[in-house]
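Per-entry structural report
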Amino acid sequence: MGAGRQVSISLDAVRDKNVMQLKKLNIALFPVCYNDKYYVDALASGDFTKLAYYSDICVGAIACRLEKKEHGAVHVYIMTLGVLAPYRGLGIGTKLLNHVLDLCSKQNISEIYLHVQTNNEDAINFYKKFGFEITDTIQNYYTNITPPDCYLLTKFISQTKK
């Protein structure tokens with residue numbers, strides 16, 4: 001590499017042929033085992049689920065579920081967002097989240113939300129930088145990890161009129 005640290009960070013769609021990359025990342029990143037429905041929802045969300053590559057190495061992912069609400073509104077639920085530890089702080093998580101936030105704006109999706117374990121300060125602070133707010137605390141949300149409680153973090157996206 002020449003002067004500076006110019007390394008390319010790219011995003012790629014999750015498809016049937018590369019969904020194993022997402023499964024391997026989840027095993028490495030999260031203390032929870034995800035079921036088949038998680039992967040069905042991730043694949044069904046299309047552009048809202050992405051793998052992140054750092055110099056062609058798969059190092060992170062965001063996986064979302066699209067939820068239809070009353071009156072036809074769609075909300076986005078971030079099931080997972082994670083980057084392997086050696087690659088954190090390089091803007092990869094930011095790129096993944098900004099990608100999804102941009103899609104929400106373009107598709108007039110007004111709400112995006114997620115659950116975060118109450119002791120996960122790094123994640124809570126990360127999401128707050130993007131305008132997410134703690135809107136609820138749910139006791140005993142998780143079954144096999146401590147603490148079992150989580151925060152519900154929500155971001156309301158102002159609609160861009162065309």
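All values derive from a computational prediction rather than experimental measurement.

Parameters at a glance
Residues numbered from 1 in each chain as written. Predicted model: local features only at pLDDT ≥ 70, side-chain atom pairs only at ≥ 80, totals over all residues. Heavy atoms only, no water. Helix = DSSP H or I, 4+ residues; strand = E, 2+ residues; numbered from the N terminus. Buried < 20%, exposed > 50% of the residue type's maximum accessible area, 1.4 Å probe, protein only. Lys, Arg positive; Asp, Glu negative; His and termini not counted. Salt bridge = Lys/Arg side-chain N within 4 Å of Asp/Glu carboxyl O. Polar contact = N/O pair within 3.5 Å; in protein donor to acceptor, adjacent residues only side chain to side chain. Contact = heavy atoms within 4.5 Å. UniProt positions renumbered as here; feature names shortened; annotations may be inferred. Right-handed = clockwise from strand over helix to strand, strands pointing away. Pairing = 2+ DSSP bridges. Phe/Tyr/Trp six-rings, centres within 6.5 Å; stacked < 30°, edge-to-face > 60°. Lys NZ or Arg CZ within 6 Å of the ring centre and 35° of its normal. Core = buried A, V, L, I, M, F, W, Y, C linked by side-chain atoms within 4.5 Å.

Bringing the side chain of lysine 155 into the picture now. Tracing the sequence through the fold places lysine 155 in strand β7 (residues 150–156). Buried charge without a partner: lysine 155 forms no salt bridge, and the closest opposite charge is glutamate 133, 8.4 Å away. Only 2.7 Å separates the side chain of lysine 155 from the backbone oxygen of phenylalanine 130, close enough to count as a polar contact. Setting aside its immediate chain neighbours within four residues, lysine 155 contacts Leu101, Ser110, Glu111, Ile112, Phe130, Gly131 and Phe132.

Glancing now at the UniProt feature "domain: N-acetyltransferase" (unreviewed entry) in the chain. The UniProt record marks residues 9–158 with the feature "domain: N-acetyltransferase" (unreviewed entry), using the residue numbering of this structure. Segment residues 9–158 splits into 29% helix and 35% strand. End C-alpha atoms: 28 Å apart.

A few words on unusual backbone geometry. Excluding glycine, a negative phi dihedral is what most residues carry, and trans is how most peptide bonds are arranged. Cis peptide bonds are those with omega within 30 degrees of zero, and the linkage from threonine 146 to proline 147 qualifies with -5°. Positionally, proline 147 belongs in the loop between β6 (133–138) and β7. The backbone of aspartate 56 sits at a positive phi, close to 70°, despite the residue not being glycine. With respect to the element layout, aspartate 56 can be found in the loop between β2 (50–54) and β3 (57–68). Judged by its relative accessible area of 70%, aspartate 56 is exposed. With a phi angle near 55°, asparagine 140 is a residue other than glycine that sits in the positive phi range. Note on placement: asparagine 140 falls in the loop between β6 and β7. For asparagine 140, a relative accessible area of 56% translates into the label exposed.

Attention now goes to the pairing of strand β5 (residues 111–117). In terms of burial, β5 is a largely internal element, seven of the seven residues being buried. Of the two faces of β5, the one carrying Glu111, Tyr113, His115 and Gln117 and the one carrying Ile112, Leu114 and Val116 are both buried. Note on the crossover from strand β4 (residues 74–83) through helix α3 (residues 92–106) to β5: the handedness is right-handed. Here β5 pairs with β7 via seven bridges, running antiparallel. Within β7, the position partnered with isoleucine 112 by the bridge is lysine 155.

Moving on, we come to the packing of aromatic side chains. Summed over the entire model, instances satisfying the criterion amount to nine aromatic pairs. Centre to centre, the rings of phenylalanine 30 and tyrosine 34 are 6.1 Å apart; their planes meet at 90°, and the pair counts as edge-to-face. Here phenylalanine 126 and phenylalanine 130 contribute two aromatic rings whose centre-to-centre distance is 5.0 Å and whose plane-to-plane angle is 55°, an arrangement assigned as tilted. Phenylalanine 130 shares its class with phenylalanine 126; the two are buried. Feature note: the residues Phe30, Tyr34, Tyr38 and Tyr39 constitute an aromatic cluster, connected by ring pairs. The cationic tip of lysine 23 hangs over the ring face of tyrosine 39; the distance from NZ or CZ to the ring centre is 5.0 Å.

Here the focus is the nonpolar core. Ranked by size, the top nonpolar core spans 31 residues in total, and within it Ile78, Leu97, Ile112, Tyr127 and Phe132 carry the most contacts. Contributing elements (two or more residues each) for this core: β2, β3, β4, α3, β5 and α4 (121–129). Here the element with the most residues in this core is α3; it accounts for seven residues. Beyond its immediate chain neighbours, meaning those up to four positions away, phenylalanine 132 contacts Ile78, Leu97, Leu101, Ile112, Leu114, Tyr127, Leu153, Thr154 and Lys155. Residues Val19, Tyr53, Ala61 and Met79 belong to the second largest nonpolar core, which totals 17 residues.

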